[in-house]
Amino acid sequence: MDIGNRLKELRVLKGLTQEELADRAELSKGFISQVERNLTSPSIATLTDILQCLGFTIGEFFSEEPEEQIVFGRQDYFEKIDAELLNEIKWIIPNAQKNVMEPILLTLQAGGSTYPDTPHEGEEFGYILSGSVSIHLGSRTYKAKKGESFYFTPDKKHFLTSKNGAVVLWVSSPPSF
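Remember, predicted model here, so these are calculated numbers, not experimental data.

Draft legend 1. Region of the structure containing the packing of aromatic side chains. Under the criterion given, the structure shown has four aromatic pairs. On the basis of an interplanar angle of 15° and a centroid distance of 6.0 Å, the ring pair of F150 and F152 is categorised as stacked. The same class applies to F150 as to F152, namely buried.

Set out below in structure tokens:
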């Protein structure tokens, strides 16, 4: 662990200058600067004092949370190809089914469709990246083309079809794919 950098991050997070932190911890600004640049190491007692001034405990300071992945690329996608329905589903956020919403990239070949989904709680949103789709919601059908989006509460049987093929960014909450 880079103690100096971590202390600097916490100091900046609290909106304090080195001088303000030094005054609160009854240390010199030069000492705080040296600690932040890892030129010197504080004793445990001094580190505890500095952390107390920043509103943190030693335990909180040294507990490192694993860094969460925020950006996902093609190598992270999970893909499923359905030859019968002529579609391909790419889960573009791994393990999204554990989240409140689940975004997928849906590619419908010409004549392709999705499985009819039974009514359920939640929300569904889609953005047409290319082509056009028919959105079947209960007994009604709606059309959407490239650059358009759709949104509905899935309280009726619903599915998508495409005569000429389409690529759709589809977000479902809660996950239902």
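Still to come is the rest of the account.
Draft legend 2. Examining the UniProt feature "domain: HTH cro/C1-type" (unreviewed entry) in the chain more closely. In this structure's numbering, the residues bearing the UniProt feature "domain: HTH cro/C1-type" (unreviewed entry) are residues 7-61. Helix makes up 69% of residues 7-61 and strand 0%. Its end C-alpha atoms lie 9 Å apart.

Draft legend 3. How the structure looks around the side chain of E124. Tracing the backbone through its elements, the reader meets E124 in strand β4 (residues 123-137). Separated by 3.1 Å, the side chains of E124 and H120 make a polar contact. Within the structure, E124 has its side chain in polar contact with the side chain of W170 (distance 2.8 Å).

Draft legend 4. Main features of helix α4 (residues 44-54). For α4, every residue scored as buried is listed here: T46, L47, I50, L51 and L54. For α4, the arc enclosing every buried residue in end-on projection is 135°, short of the 170-degree limit, so these residues lie on one face. Across α4 from its buried face, at more than 90 degrees, point the exposed residues A45 and Q52. On its buried face, α4 sits against α1 (3-13), α2 (18-25), α3 (29-36) and α5 (58-62). Following α4 by one or two positions, G55 adopts a phi angle in the positive range, close to 85°.

Draft legend 5. Region of the structure containing the packing of α2 against α3. As a packed pair, α2 and α3 sit with axes 8 Å apart at the nearest point and diverge in direction by 110°. One way to sum up the angle between α2 and α3 is to call them roughly perpendicular. In this structure, α2 crosses over α3, and the sense of that crossing is right-handed. For the pair α2 and α3, contact is made by Q18, E19, L21 and A22 and by K29, I32, S33 and E36, respectively. Here the contact of α2 with α3 is built from residues that sort into three nonpolar, two polar and three charged.

Draft legend 6. Region of interest: the pairing of strand β6 (residues 149-152). The alternating pattern of β6 places F150 and F152 on a buried face and S149 and Y151 on a face that is not buried. Here four bridges tie β4 to β6, and the two strands are oriented antiparallel to one another. Bridge pairing in β6 places F125 opposite Y151.

Draft legend 7. Inspection of the environment of G55 at higher detail. Among the secondary structure elements, G55 is positioned in the loop between α4 and α5. Separated by 13 residues in sequence, G55 and P42 have C-alpha atoms that sit 17 Å apart.

Draft legend 8. Looking closely at the pattern of salt bridges. The full count for this structure, using the stated rule, is three salt bridges. Residues E148 and K145 are paired through a salt bridge, measuring 3.2 Å at the closest nitrogen-oxygen approach. Of the charged contacts, one joins K156 and D155 as a salt bridge, the two residues approaching to 3.6 Å between their closest N and O atoms. Taking relative accessible area as the criterion, K156 reaches 40% and is therefore assigned partly exposed. The exposure class assigned to D155 is partly exposed, which follows from its relative accessible area of 47%.

Draft legend 9. Spotlight on the nonpolar core. Counting residues in hydrophobic clusters, the biggest one holds 16 residues, and the most contacted among them are L106, V133, I135, F150, L160, V168 and W170. Elements that contribute at least two residues to this core include exactly β2 (87-91), β3 (102-108), β4, β6 and β8 (166-173). When residues in this core are grouped by element, the largest group, four residues, is from β4. For L160, the contacting residues outside a window of four places in its chain are L106, L108, G112, S113, T114, S134, I135, H136, F150 and W170. L21, V35, L51 and L54 belong to the second-largest nonpolar core, a separate cluster that totals 13 residues.

Parameters and conventions
Residues numbered from 1 in each chain as written. Predicted model: local features only at pLDDT ≥ 70, side-chain atom pairs only at ≥ 80, totals over all residues. Heavy atoms only, no water. Phe/Tyr/Trp six-rings, centres within 6.5 Å; stacked < 30°, edge-to-face > 60°. Buried < 20%, exposed > 50% of the residue type's maximum accessible area, 1.4 Å probe, protein only. UniProt positions renumbered as here; feature names shortened; annotations may be inferred. Helix = DSSP H or I, 4+ residues; strand = E, 2+ residues; numbered from the N terminus. Polar contact = N/O pair within 3.5 Å; in protein donor to acceptor, adjacent residues only side chain to side chain. Arc of directions from axis to C-beta. Contact = heavy atoms within 4.5 Å. Axes fitted to C-alpha atoms, helices over the stretch in contact; angles between N-to-C directions. Parallel < 35°, antiparallel > 145°, perpendicular 65-115°, else oblique. Left-handed = near helix turned anticlockwise from the far one by under 90°. Nonpolar A, V, L, I, M, F, W, Y, C, P; charged D, E, K, R; others polar. Pairing = 2+ DSSP bridges. Salt bridge = Lys/Arg side-chain N within 4 Å of Asp/Glu carboxyl O. Core = buried A, V, L, I, M, F, W, Y, C linked by side-chain atoms within 4.5 Å.

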